[in-house]
Amino acid sequence: MGQKTHPVGFRLGVIKTWSSKWFEQNRYKQWLHEDIRLRRFLKETLASASIAEITMERAANKLKINIFSARPGVIIGKRGADVEKLKKRVQKLTQSEVFLNIQEVRKAEVNAQLVAENIAQQLERRIAFRRALK
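Structure report, in brief. (Residues numbered from 1 in each chain as written. Predicted model: local features only at pLDDT ≥ 70, side-chain atom pairs only at ≥ 80, totals over all residues. Heavy atoms only, no water.)

**Focus: the pairing of strand 2 (residues 51–59)**
In the sheet, strand 1 (residues 20–21) pairs with strand 2 via two bridges, with the strands oriented parallel. Residue pairing across strands places Lys21 opposite Glu57, the latter belonging to strand 2. Viewed along the sheet, the connection from strand 1 through helix 1 (residues 28–45) into strand 2 turns out left-handed. Bridge count for strand 2 against strand 3 (residues 62–69) is eight bridges, and the pairing is antiparallel. Bridge pairing in strand 3 links Ala59 to Lys62. Connecting strand 2 to the antiparallel partner strand 3 that follows it, the hairpin turn spans two residues, and Ala60 within it adopts a positive phi of roughly 55°. (Pairing = 2+ DSSP bridges. Helix = DSSP H or I, 4+ residues; strand = E, 2+ residues; numbered from the N terminus. Right-handed = clockwise from strand over helix to strand, strands pointing away.)

What follows is the structure, encoded as structure tokens:
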């Protein structure tokens, strides 16, 4: 079996950056597990929003979550009502003050994560695999 290189770890500092931008000596374990729990929650809750990436930044008792989505309108809702509901639900999972920042991914067909999720959804709907890949 060959030696496999991690796709993100190999590119860190060159063309990619960390998905969480914070450092803490005492509460590192707690914050790491909290980040994982929040990412999983957001991915499941916003499955229909075509989420490409979720980045988190922490400073003291503040947590800034950047959500990159191909369909930000699904997340925002009418007049921003859904964003407030989502913010309250995320606030229950953490002790930090939460700020949500939703950004649009302009070209979804260029983002590898979105392309892979699209193909997976088509296969789940039982579309022929050759057609899905084209």
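**Thoughts on the pattern of salt bridges**
Scanning all chains against the criterion turns up four salt bridges. One salt bridge in this structure joins Arg58 and Glu34, with 2.8 Å as the shortest N-O distance. A residue pair is termed long-range when its members are at least 10 positions apart, and Arg58 in strand 2 and Glu34 in helix 1 qualify at 24 residues. In this structure, Arg58 and Glu34 share a single accessibility class: buried. The salt bridge partner of Glu104 is Arg106, with a shortest N-O separation of 3.2 Å. On the accessibility criterion, Glu104 (42% relative accessible area) is partly exposed. When its relative accessible area of 72% is taken as the criterion, Arg106 is described as exposed. (Salt bridge = Lys/Arg side-chain N within 4 Å of Asp/Glu carboxyl O. Buried < 20%, exposed > 50% of the residue type's maximum accessible area, 1.4 Å probe, protein only.)

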